[in-house]
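# Architecture at a glance
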Amino acid sequence: MSSSSAGKHARTGVAADQPSVPEPSFAEQARTLMYLGRVGSLSTLSRKQPGFPFGSVMPYGVDERGRPVFLISTMAMHTQNLQADPRASLLVTRADGEGDRLGASRVTVLGKVFVVGEPELAAVRKLYLASYPNSKYWVDYEDFSFYCMEVADVYYVGGFGVMGWVPASEYGRAHPDPLAEAAGEILQHMNTDHKDALILLARQFAGIEAQAAAMTSVDRLGFHLKLETHEGMRGTRIAFLREVGDPSEARKVLVEMVHQARQR
C-alpha cells in the first residue's frame, strides 16, 4: 500500500463493500500533517551509545519543499549526535483528542540534517520565527544554529491498514491541503450544528443508514464520517461534488450536497 505518484489518490480505509472515493495522495497527506504538526519526535544516532537511537521532543518549521528546519543549541545532546552522524528521523503525529492514538495519522520523515548555509539562512530564519515568535529571545545566541533535514524518504500512516512509503521527490512536490488550517473549525461546526445533515449525507451519498454521524476529517476532495448504525460503528468517505480550494468553497459545496439530499 503506497503512493506511486503525486497525482494518484490514496486508499480511503473505508469498508471493503463501499466504492473507492478519491482522496489526497499519501504525499499530500504527509505534507499536510507536517505543515500542521510543528512539534515532533527527533531520533538521532547516539554518540555515547553507538548504534542506539536517541529521541528528543523537537519543534520544527517546514520550508516550501517540506523540509523540516530546527533551531538547536550545540549544548543539546541531539545536536552533538547530528554533528557526529547527520542521519535522523522525525516522527509527527496528528493531534487527536479522542479515540485510539494508533488510529491517528502520523508521518516519519528520514534524512540527513545539516547546518543551514548562508544563502538560505534569512529565509529559514523568517519561516521559523513565524512559527515560533518566542524564539526571537534566543535565536541570536552564539550556541544556537539553524539546521535543515534533506529528506531521503517518507513513511505515512493514515490509520489502521492505511500506510505506505512516499518517495522524497513526490513529497517535495506535494502541497498542504488548502483546508488544513480550517479543518478543525469545519469539523466542530458540522458536528455541533449539523448532526442531522451528516446523517442525511451518509444516507444519500454513501447509502448507509445511521442513527448518529460525526465528521472526522475533511480535505479538498471530500470528508470522512464515523457512523453509528444498527450493525455497529462504521466509517465512510464521501466525495465533494467538486474539488474545493478554500473553506468558503467547502461550505458552499456542503450546502449544495445537503440541499440535494433533502430534495431526494
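These remarks concern the structure in this document. (Residues numbered from 1 in each chain as written. Predicted model: local features only at pLDDT ≥ 70, side-chain atom pairs only at ≥ 80, totals over all residues. Heavy atoms only, no water.)

## A closer look at the packing of helix H6 (residues 195-206) against helix H7 (residues 247-263)
- Interaxial distance between H6 and H7 falls to 9 Å at its minimum, and their mutual angle equals 70°. If you check the angle between H6 and H7, you find them roughly perpendicular. Here the hand of the crossing between H6 and H7 comes out left-handed. Here Ala197, Leu200, Leu201, Gln204 and Phe205 of H6 lie close against H7, whose contacting residues are Leu254, Met257, Val258, Gln260, Ala261 and Arg262.
- Partitioned by chemical class, the residues of the contact of H6 with H7 number eight nonpolar, two polar and one charged. (Axes fitted to C-alpha atoms, helices over the stretch in contact; angles between N-to-C directions. Helix = DSSP H or I, 4+ residues; strand = E, 2+ residues; numbered from the N terminus. Parallel < 35°, antiparallel > 145°, perpendicular 65-115°, else oblique. Left-handed = near helix turned anticlockwise from the far one by under 90°. Contact = heavy atoms within 4.5 Å. Nonpolar A, V, L, I, M, F, W, Y, C, P; charged D, E, K, R; others polar.)

## What to know about the packing of aromatic side chains
- Tallying each qualifying case throughout the model produces six aromatic pairs.
- An angle of 50° between the planes, with centres 5.7 Å apart, marks the rings of Phe223 and Phe240 as tilted. Of the two residues, Phe223 is situated in strand S10 (residues 222-229) and Phe240 in the loop between strand S11 (232-239) and H7; the sequence distance between them amounts to 17 residues.
- According to the relative accessible area criterion, Phe223 is buried, its value standing at 0%.
- Using a relative accessible area of 7% as the deciding quantity, one classes Phe240 as buried.
- Three or more aromatic residues joined by ring pairs make a cluster, and in this case those are Tyr128, Tyr132 and Phe146. (Phe/Tyr/Trp six-rings, centres within 6.5 Å; stacked < 30°, edge-to-face > 60°. Buried < 20%, exposed > 50% of the residue type's maximum accessible area, 1.4 Å probe, protein only.)

## Points about unusual backbone geometry
- Phi at Arg38 is positive, roughly 70°, even though this residue is not glycine.
- Within the secondary structure, Arg38 sits in the loop between helix H1 (26-37) and strand S1 (39-45).
- Arg38 gets classed as partly exposed once you look at its relative accessible area, which sits at 22%.

## Here's the deal with H7
- An ideal rise of 1.5 Å per residue puts 24 Å on 17 residues; H7 measures up with 24 Å between its terminal C-alpha atoms.
- For H7, the set of buried residues is Ala250, Val253, Leu254, Met257, Val258 and Ala261. Each buried residue of H7 lies within a common arc of 135° when the element is viewed along its axis, so the set occupies one face. Opposite the buried face of H7, at more than 90 degrees from it, the exposed residues are Arg251, Lys252, Arg262 and Gln263.
- Along its buried surface, H7 packs onto helix H5 (183-193), H6, strand S9 (212-219), S10 and S11.
- The N-capping residue of H7, defined by a side-chain oxygen 3.0 Å from the backbone nitrogen of Ser248, is Asp246. (Expected span 1.5 Å × (residues − 1). Arc of directions from axis to C-beta. Polar contact = N/O pair within 3.5 Å; in protein donor to acceptor, adjacent residues only side chain to side chain.)

## Brief notes about the environment of Met58
- Tracing the backbone shows Met58 in strand S2 (residues 53-59).
- Residues Met58 and Gly40 lie 18 residues apart in sequence; the distance between their C-alpha atoms is 5.2 Å.

## A closer look at the side chain of Thr229
- As for its position among the elements, Thr229 is in strand S10.
- One polar contact links the side chain of Thr229 to the main-chain amide nitrogen of Glu231, over a distance of 3.2 Å.
- Of the polar contacts made by the side chain of Thr229, one reaches the backbone oxygen of Gly232; its length is 2.7 Å.
- Beyond its immediate stretch of four places on either side in the chain, Thr229 contacts Ile208, Glu209, Ala210, Gln211 and Arg234.

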